[in-house]
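Observations on the three-dimensional arrangement
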Amino acid sequence: MSFINYSSREINCKLVYYGPGLCGKTTNLHYIYAKTSPDAKGKMISLATETERTLFFDFLPLSLGEIRGFKTRFHLYTVPGQVFYDASRKLILKGVDGVIFVADSQIERMEANIESLDNLRLNLIDQGYDLNKLPYVVQYNKRDLPNAAPMEQLREVLNPTKAPEFEACATSGAGVFDTLKAVAKSVLTELRRGQ
Amino acid sequence: MSGPDVMYPEEQQAMSLVCARLTRDANAKAVLLIGRDGQPIAEAGDVDELDVTSLSSLTAGNVAATGGISKILREKDFFSQFHEGEKTHIHITLVGGRAILVVLFDERSSLGLVRLRVKKSSDEMVRLFDSVAKKAAAKSEPSILTEITDSDIDNLFND
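Described in the following lines is the structure provided in the data block.

About the cut-offs
Residues numbered from 1 in each chain as written. Chains lettered and ligands numbered in written order. Predicted model: local features only at pLDDT ≥ 70, side-chain atom pairs only at ≥ 80, totals over all residues. Heavy atoms only, no water. Helix = DSSP H or I, 4+ residues; strand = E, 2+ residues; numbered from the N terminus. Buried < 20%, exposed > 50% of the residue type's maximum accessible area, 1.4 Å probe, protein only. Contact = heavy atoms within 4.5 Å. Areas by Shrake-Rupley, 256 points an atom, 1.4 Å probe, with all protein chains shown as cover. Pairing = 2+ DSSP bridges. Axes fitted to C-alpha atoms, helices over the stretch in contact; angles between N-to-C directions. Buried area = accessible area lost by both parts, 1.4 Å probe. Salt bridge = Lys/Arg side-chain N within 4 Å of Asp/Glu carboxyl O. Nonpolar A, V, L, I, M, F, W, Y, C, P; charged D, E, K, R; others polar. Core = buried A, V, L, I, M, F, W, Y, C linked by side-chain atoms within 4.5 Å. Parallel < 35°, antiparallel > 145°, perpendicular 65-115°, else oblique.

Things to note about the overall build of chain B
- Of regular secondary structure, chain B possesses five helices and six strands.
- Taking the principal axes of the C-alpha coordinates as reference, chain B spans close to 55 × 35 × 35 Å.
- Within the span of chain B, comprising 159 residues, buried residues form 47% of the whole.
- For chain B, the share of sequence-separated contacts (at least 6 apart) that also reach a separation of at least 24 residues comes to 55%.
- Element-wise, carbon and sulfur atoms account for 51% of the exposed surface of chain B, whose accessible area totals about 8,200 Å².

Printed below as a string of structure tokens:
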């Protein structure tokens, strides 16, 4: 849920990167962190296992600039992708303003993508949200890999509602900021519409 | 219940005063008031060295995880938590189900004193949050969001 502070003149929003294990959610945040100027970002927190798999969440606070004298701050979270961390994923979706579904383009990961997307829908319903009504974008990550599935196939299976979608390679940064901008813009537009 | 979705200067100031008084009365190092979704709302005491944004997010995550445990145990929310450190200790309390009051203290205070002072401050905070909720419901203050135009949003994302 967005938080508007008229005292400190800030608009705070929460974005969540969702997707199957090892799809590149944390890599998205690392790239954003690396390419953002120090005055626009806070400390990045990763609650990860010793093998660098996300255990609870990653967190990155980001300032995007000012609108009408109000600072816009986005809190970026990732969820742990591994199937058995479902309880944690539910918690992180609480108060979400926008969701990025990071799909792994590799053909072998199609089932994992479908399972994660179904899980996202169900967990949102649990928190009282409807994916079709929430600011939402799809990112097809790992497009650079030779075993990436054709875009038409990914689109048909993972984006039947035709949400805004982006091809990406999070390790090189291709598509990372396009994805972030699209969802952030959609969140602000939705906030205004909700008034 | 989620955190508050709006905060007005009058209540913000009053909450900051409550935090400052709690810091003094509990002999605490610092006091933070955080929305249940992890947004910092008010603070007092020695916060210059603290990363308040990170602390707020992690505390909210901690409270959410503890809330998950309480659900599994078919218990209501755990109202308070205490983490004992070597030098600094943290007392965390839920305020009216929608905010989190965090007290950082050391050997100059005690858990008993903190608990006692937190109770009084929590009651005041609940009243202030009720006031914010009433104002927001009455829409007595114009919302910044209604003034935002498409070009404002576009300008934010111009490279």
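So, the sheet that holds strand β6 (residues 99-105) of chain B
Residue and element names in this part refer to chain B.
- Ordered by their spatial adjacency, five strands build an open sheet running β3-β2-β6-β5-β4, and the pairing between neighbours is antiparallel. Two strands bound the open sheet, and with one partner strand each, they are β3 (40-45) and β4 (80-83). Taken pair by pair, the neighbouring strands of this sheet meet at an average axis angle of 15 degrees, ignoring direction.
- Relative to strand β5 (residues 89-95), β4 is paired through four bridges, and the arrangement is antiparallel. Opposite Phe82, over in β5, you have His91 as the bridge partner.

Observations regarding the interface of chain A and chain B
- Each side of the interface is counted separately: chain A has 35 residues, and chain B has 38 residues.
- For the chain A and chain B pair, buried surface summed over both sides reaches about 3,400 Å², with 66% attributable to carbon and sulfur atoms.
- Of all residues in chain A, the largest losses of buried area upon contact with chain B belong to A:Phe3, A:Tyr6 and A:Arg192, amounting jointly to 21% of the total for that side.
- At the junction of chain A with chain B, the criterion picks out three salt bridges.
- Note that A:Lys185 and B:Asp154 form a salt bridge whose closest N and O atoms lie 2.7 Å from each other.
- Looking at the side of chain A that touches chain B, the elements with two or more residues in it are β1 (3-5), β3 (45-48), β4 (54-67), β5 (70-78) and α5 (176-193) of chain A.
- Looking at the side of chain A that touches chain B residue by residue, the class counts come to 19 nonpolar, nine polar and seven charged.
- Here two bridges tie β1(A) to strand β1 (residues 6-7) of chain B, and the two strands are oriented parallel to one another. From the neighbouring strand, A:Ile4 faces β1(B), where its bridge partner is B:Val6.

Focus on the nonpolar core
- Ranked by size, the top nonpolar core spans 61 residues in total, and within it A:Leu76, B:Met15, B:Leu33, B:Met125 and B:Phe129 carry the most contacts.
- By residue number, the principal contributor to this core is α5(A), which donates eight residues.
- With near-sequence residues (within four places) excluded, B:Met15 lies in contact with B:Met7, B:Leu33, B:Ile41, B:Ala42, B:Met125, B:Leu128, B:Phe129 and B:Val132.
- Judged by nonpolar contacts, the second largest core, of 30 residues, contains A:Phe57, A:Val79, A:Met110 and A:Leu131.

Here's the deal with the packing of helix α1 (residues 9-25) of chain B against helix α3 (residues 111-138) of chain B
Residues and elements named next belong to chain B.
- Packing of α1 against α3 brings their axes to within 10 Å, and their N-to-C directions diverge by 180 degrees. One finds that α1 runs roughly antiparallel with respect to α3. Two secondary-structure elements touch here, α1 through Glu10, Glu11, Ala14, Met15, Val18, Cys19, Arg21, Leu22 and Asp25 and α3 through Leu113, Arg117, Val118, Ser121, Glu124, Met125, Leu128, Phe129, Ser131, Val132 and Lys135.
- Class assignment for the residues of the contact of α1 with α3 results in eleven nonpolar, two polar and seven charged.

What to know about the pattern of salt bridges
- Counted by the stated rule, this structure contains 18 salt bridges over all chains.
- The partner of A:Arg192 in a salt bridge is B:Asp150, with the nearest N and O atoms 2.7 Å apart. Placement of the pair is A:Arg192 in helix α5 and B:Asp150 in helix α5 (residues 150-156), with the two residues belonging to separate chains.
- Classification of A:Arg192 by relative accessible area gives partly exposed; the value is 21%.
- Linked by salt bridges that have partners in common, B:Glu10, B:Glu11 and B:Lys135 make up one network.

Details of the pairing of strand β2 (residues 10-18) of chain A
Residue and element names in this part refer to chain A.
- Where burial is concerned, most of β2 is hidden: nine out of the nine residues are buried.
- Neither face of β2 is open: one carries Glu10, Asn12, Lys14, Val16 and Tyr18, the other Ile11, Cys13, Leu15 and Tyr17, and all of them are buried.
- With three bridges joining them, β1 and β2 adopt antiparallel strand pairing. Residue pairing for β2: Asn5 is matched across the bridge by Glu10.

Function cannot be read off these values alone, since they describe shape.
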